[in-house]
Amino acid sequence: MKLVLATPLYPPEAGGPATFAKTLEEELPKHGWAVETIKFADVRYLPKFLRHIAYMRRVKRAARMADVVLALDPVSVGLPACIAAKMVGKPFYVRIAGDYAWEQGVQRFGVKETLDEFVERTKYSLSVRLLRAVQTFVARNAVRVIVPSLYLRHIISRWGIAQEKIIVAYNAAPEIDKAMFARPEVDGAYIVSIARLVPWKGMGAVITAVTGSVESRTLVIIGDGPERGRLEAEARNSKHPQKVIFTGNLPHEETMRYLAHADSFVLDTRYEGLSHLILEALALGTPVATTNAGGNPELVKDGDTGLIFPYENVDAIRECIGRLRPEAELWKVCTANGRALIGGFTKDKMIREVIDALSIPK
């Protein structure tokens, strides 16, 4: 079997699709699949729309000699790959790790609702409605839709996609250990938060929780995005600006160094499909404090594998950070239970689930 893999991101680019694409590229050949990866980065230099036409032509050319086409998002590569697969008569599949229309709506088009509210409402701007129509068209024209969490299966079924067509293939937990990573150069103990700095990540509340208390540990924020300038200003104007370090985007190995030696990983988020960073934190034995958004409760059980707090609740974030100290019994419980949990999130299991999903229904 030969697979054409259409991916919006590819290493060294950061992001879930990049990690997933590289994993499929390395692992599927061990199971008898040849993989040809078509990277969106190769056409990104072109003007908008022209890049998508050029990308469609590349997928179409590769798909002629393939058995299956798999796209790793429903819009930027999903639409051109879907059209290309139809043009050459090849089965098309899509992996959807989030609601692209909602994400763009929040960042660019004034959407204020949560994702659960968004999927129920219809009155939005033309731009949002168009993005919605594109991702729904792609999902409907796929043989199957692959998602990384039960939560996203529920969301996509609310697009009008039949549940039996939506296959859950959980992300794999990485095979990593804290001993692999030297401690980063941070004075004293620290907490880490890693995220794209976008509106639905409540990084401002995390900053306030740390800088507005007697908390002696440093907060290290890894990531970049449109909210960075505002967040840096908030940190500078706080009571204790020296407690916050912004690193920007870092190579994956450097990010893992910070995550491995942190007292806890804090993720204040209004939306999450299934966080690969939570899997990485649990694998490294770093307890997690996060919200119950999206797929988070499928990984973090309050008081068992981590702690759950309400979105942007500064007092609750501060309390969770205070409870997750290495000398505390809760820290040890969460570390042990987190490592036990990820034993069920193996790379082999993920690859088997993806291969099963790619089988053409009779």
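An account of the accompanying structure is given in this report. What you see as residue numbers is a count from 1 along each chain, following the sequence as written. Residue-level local features of this predicted model are given only where pLDDT is at least 70; pairs of side-chain atoms are given and counted only at 80 or more, and the full residue set underlies all totals for whole chains, interfaces and linings. No hydrogens and no water enter the side-chain calculation; it runs on all heavy atoms of the structure.

### Some details on the sheet that holds strand β4 (residues 92–95)
Put simply, the test is: Any two strands are treated as partners once DSSP identifies two or more bridges connecting them. Each helix is a run of DSSP H or I of at least 4 residues and each strand a run of E of at least 2, with the numbering of both proceeding from the N terminus. Axes here refer to lines fitted to C-alpha atoms; in helices the fit is confined to the stretch in contact. Angles between the N-to-C directions go from 0 to 180 degrees. In this analysis, two residues are considered to be in contact whenever any of their non-hydrogen atoms come within 4.5 Å of each other.
With parallel pairing, six strands are arranged side by side in an open sheet as β2-β1-β3-β4-β5-β6. Both edges of this open sheet fall to β2 (34–39) and β6 (166–168), since each of them pairs with a single strand only. For this sheet, the mean angle separating the axes of adjacent strands, direction not counted, is 25 degrees. As defined by bridge partners, strand β1 (residues 2–7) adjoins strand β3 (residues 68–71) across four bridges and the pair is classed as parallel. Within β3, the residue paired with Val 4 across the bridge is Val 69. Across the face of the sheet, helix α1 (residues 16–27) comes into contact with β1, β2, β3 and β4 while running at roughly 165 degrees to β1. Against the sheet, helix α7 (residues 150–157) engages β5 (145–147) and β6, with an angle of about 170 degrees to β6.

### Quick notes on the nonpolar core
Here is the rule we go by: For the purposes of this section, nonpolar cores are sets of buried Ala, Val, Leu, Ile, Met, Phe, Trp, Tyr and Cys residues that join through side-chain atoms within 4.5 Å. Summary of the burial criterion: residues with accessible area below 20% of their type's maximum are buried, those above 50% are exposed, and those between are partly exposed, where the area comes from a 1.4 Å probe applied to protein chains only.
Counting residues in each nonpolar core, the largest one holds 107 residues, and the members touching the most others are Val 59, Phe 92, Phe 118, Val 145, Val 192 and Phe 265. If we ignore the near neighbours within four places in the chain, the residues touching Phe 265 are Val 192, Ser 193, Ile 194, Leu 259, Leu 277, Ile 278, Ala 281, Thr 286, Pro 287, Val 288 and Ala 289. Of all hydrophobic cores here, the second largest spans 21 residues; its members include Tyr 10, Ile 351, Ala 357 and Leu 358.

### A few points about the state of the cysteines
Heads up, the condition is: Cysteine sulfur atoms that come within 2.5 Å of each other are treated as a disulfide pair.
For the coordinates displayed, the defined rule picks out zero disulfides. Cys 334 provides the cysteine sulfur closest to Cys 320, a residue in no disulfide bond, and the two sulfurs are 9.8 Å apart. A relative accessible area of 5% places Cys 320 in the buried class.

### A short note on the pattern of salt bridges
Let me state the cut-off plainly: The working definition used for a salt bridge is a side-chain nitrogen of Lys or Arg within 4 Å of a carboxyl oxygen of Asp or Glu.
Counting across every chain of the model gives 18 salt bridges. Across the salt bridge formed by Glu 25 and Lys 22, the nearest N and O atoms sit 3.8 Å from each other. Of this pair, Glu 25 and Lys 22 both sit in helix α1, three residues apart, roughly one helical turn. By relative accessible area, which is 23% here, Glu 25 ends up partly exposed. Judged by its relative accessible area of 30%, Lys 22 is partly exposed. Connected through salt bridges with shared partners, the residues Glu 27, Lys 30 and Lys 347 form a single ionic network.

Just distances and angles here, no functional claims.
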